[in-house]
Amino acid sequence: APPVRRICCIGAGYVGGPTCSVIALNCPDITVHIADINAARIAAWNSDPDPVTGELVNLPVYEPGLAEVVKKCRGRNLFFTTDIEKAIEEADLVFVSVNTPTKKSGMGKGFAADLHYVEASTRLIASVSSSSKIIVEKSTVPCRTAASMRTILEANARPGLHFDILSNPEFLAEGTAVQDLQNPDRVLIGSLKTKEGELAARRLKDVYAHWVPREKVYTTGLWSSELSKLAANALLAQRISSINAMAAICEATGADVQEVAHACGLDKRIGPNFLKASVGFGGSCFQKDILNLVYLSESLNLPQVADYWKQVITMNEYSKSRFAQKVVSTLFNTITAKKVAVLGFAFKKNTGDTRESAAISLCRYFRQENAFVAIYDPKVPEAQIWLDLTEPGVVDDTKQVKEQVTIHKSVQSACKDAEAVVIATEWDEFKTLDWEAIYASMKKPAFVFDGRAIVDPKKLRQVGFKVHTVGQGPEIVDPIWA
Ligand code: NAD
Ligand code: UDX
């Protein structure tokens, strides 16, 4: 494999877009084409800057710092295109960064990863390539997918061509993608332990070495690399489910989960990060990847291993339902016809992404209790919220949803005449709200349910609110209310 001069990325989503934009930023000597079948998405990546501010406000992915990176590189060595064939054909390295959602039907339904986008991309690479290439699995896939990709390529490619398959899973977190890509904890590259495999891995390492210190690039075998991605997400999600399980004990006993997390995190072996109790984790990865791991374990005839990881998801479902039930029970066991304001709809702050957001589950619970739900989120487009709350193709409940749900452009408007405010996402702007004004506009008693522990309950109680913070037990809440 020669040094990499031209890269194609198949898939211009949350991973392909930011990852390959950052590669283009750091590698001015490499030309990067990001290709996608979704023409609207590509058009949004190519959208014009705002005529007044000059900023790229219409990119399909919101990430702090991303618009600046795209602005700098687009048209220089970064291109977004729907001409996937041409982009593949011209590249010497192709990232496959397509979606791998949980299967909705058939074998492994509800657990296994749907690999048909990966397979379609692989077949396309085989059919259009007239030169040898390095193919990089960037999507999160079950163990041994690289082997399937190689078989497909070898069976379909023109004679004489050689394809090296690498696994290079992406560890960026949404909301901090550019920062994570610019300064990753590690870059993982898996390859076959053959001469060609190791050379291909070195070529990819050379790309990252434009900005990542070489000692941070860890090379392994293909299957270790594939499994490490599932393992890392399972371990991270397990920490959240573990602390959320503690939150339930705290609420029942009078302990404070923030103190417990801090006390535990001071132990170097545990560490302080990723121990924040919450209404439950969301995002497109954790649940999908654990389900994938569960399926893998079951298909390897390891049912105890499967059960172990399944419990992480069960605990997360419990965290969400427990929080929703707390709202209902606190509001005198009924929220029928009451207005509940939900602040935040994205699955975490600094992203417009709502995939598997805990807010979606909360809104469902509140709707089932016949409440009126008023939603505010600073970044999620209104159309996305409607899409997430209705179930097109399952039942057409759009009319009913629209009778029960309103979407607001400000916190103040969402909270007006509400009986309760529920903080579902930890957006920074929720830390500095004018709670006096919000309180004045609400029905009394006015409740705040902080699912992210971001507001100071003492201050809110001084304003007049009844406050429940996730993971805080009755002994430290308002004595009148306890
Ligand atoms: P996404 O849905 O945002 O993007 C995938 C894109 O691939 C879509 O735009 C889709 O149109 C395109 N696509 C699908 N099939 C195609 C084809 N045959 N040709 C061209 N384009 C095609 O998904 P994402 O969030 O970017 O995730 C991609 C992969 O990365 C998944 O496997 C995911 O598990 C993994 N991952 C995601 C994250 C994250 O934070 N989102 C982090 C690490 C890894
Ligand atoms: C995750 C992994 O962190 C990342 O390495 C991988 O590449 C993709 O999946 P992401 O889902 O984008 O990233 O965000 P993350 O920061 O991990 O948060 C996931 C969910 O967990 C969010 O809903 C977040 O609010 C929640 N969370 C996170 C907590 O509830 N408590 C925490 O302490 C941390």
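Residues numbered from 1 in each chain as written. Chains lettered and ligands numbered in written order. Predicted model: local features only at pLDDT ≥ 70, side-chain atom pairs only at ≥ 80, totals over all residues. Heavy atoms only, no water.

K.L.:
What is the right way to look at the environment of leucine 227 in this model?
P.N.:
In this structure, leucine 227 sits in helix α9 (residues 222-253). When the C-alpha atoms of leucine 227 and leucine 293 are compared, they prove to be 8.7 Å apart, with 66 residues separating the residues in sequence. With residues up to four places along the chain from it excluded, the contact list for leucine 227 reads Cys143, Leu293 and Leu296. (Helix = DSSP H or I, 4+ residues; strand = E, 2+ residues; numbered from the N terminus. Contact = heavy atoms within 4.5 Å.)

K.L.:
Any chance you could explain the nonpolar core here in plain terms?
P.N.:
The tendency in soluble globular proteins is for nonpolar side chains to be buried side by side. In this structure, Phe366 and Trp435 are the most contacted members of the largest nonpolar core, which totals 57 residues. Among the elements that line this core, the one with the most residues is helix α13 (residues 358-368), at six residues. Discounting residues that sit within four places of it in the chain, phenylalanine 366 has contacts with Ala324, Val327, Ile335, Val340, Val342, Ala371, Val373 and Val422. Judged by nonpolar contacts, the second largest core, of 44 residues, contains Ala12, Cys20, Ile23 and Val178. (Core = buried A, V, L, I, M, F, W, Y, C linked by side-chain atoms within 4.5 Å. Buried < 20%, exposed > 50% of the residue type's maximum accessible area, 1.4 Å probe, protein only.)

K.L.:
What am I meant to see in unusual backbone geometry here?
P.N.:
In this structure, the amide linkage connecting lysine 444 to the following residue, proline 445, adopts the cis form with an omega of -5°. Mapped onto the elements, proline 445 comes out in the loop between α17 (435-441) and β13 (447-450). Backbone geometry places alanine 337, a non-glycine residue, at a positive phi of 65°. On the secondary structure map, alanine 337 appears in the loop between α12 (303-330) and β9 (339-343).

K.L.:
I tried to follow the site of ligand 2 on my own but got confused; where do I start?
P.N.:
Neighbouring ligand 2 are 20 residues; Leu172, Glu174, Ser278, Lys348 and Arg452 lie closest to it. Leucine 172 is positioned with one of its backbone polar atoms (N or O) 2.7 Å from an oxygen atom of ligand 2. Contact distances for ligand 2 include 2.6 Å between an oxygen atom and a side-chain N or O atom of arginine 452. Taking 660 Å² as the accessible area of ligand 2 by itself, protein coverage stands at 91%. For the shell around ligand 2, the two domains that each supply at least three residues are domain 1 (6-212) and domain 2 (256-469). (Near = heavy atom within 4 Å. Polar contact = N/O pair within 3.5 Å; in protein donor to acceptor, adjacent residues only side chain to side chain. Areas by Shrake-Rupley, 256 points an atom, 1.4 Å probe, with all protein chains shown as cover. Domains from an automatic or database assignment.)

K.L.:
Explain the sheet that holds strand β14 (residues 466-469) to me, please; I cannot follow it from the model alone.
P.N.:
If you trace the six strands from one edge of the open sheet to the other, you get β11-β10-β9-β12-β13-β14, paired in parallel fashion. Every interior strand has two partners, whereas the edge strands, β11 (405-408) and β14, have only one. Pairwise comparison of adjacent strand axes, ignoring direction, gives a mean angle of 20° for this sheet. Note that β13 and β14 share four bridges and pair parallel. Counted as the bridge partner of phenylalanine 447 is lysine 466 from β14. Running over the sheet, α12 touches β12 (420-423), β13 and β14 and is turned about 165° from β13. (Pairing = 2+ DSSP bridges. Axes fitted to C-alpha atoms, helices over the stretch in contact; angles between N-to-C directions.)

K.L.:
Looking at this structure, how should I read the packing of α9 against α12?
P.N.:
One way to put it is that α9 packs onto α12 with a least axis distance of 9 Å and a crossing angle of 45°. Judged on the interaxial angle alone, α12 and α9 are oblique. The handedness of the crossing between α9 and α12 comes out as left-handed. In contact with Ala234, Leu235, Ala237, Gln238, Ser241, Asn244, Ala245, Ala247, Ala248 and Glu251 of α9, α12 contributes Trp309, Val312, Met315, Asn316, Tyr318, Ser319 and Arg322. For the contact of α9 with α12, the per-class residue count stands at ten nonpolar, five polar and two charged. (Parallel < 35°, antiparallel > 145°, perpendicular 65-115°, else oblique. Left-handed = near helix turned anticlockwise from the far one by under 90°. Nonpolar A, V, L, I, M, F, W, Y, C, P; charged D, E, K, R; others polar.)

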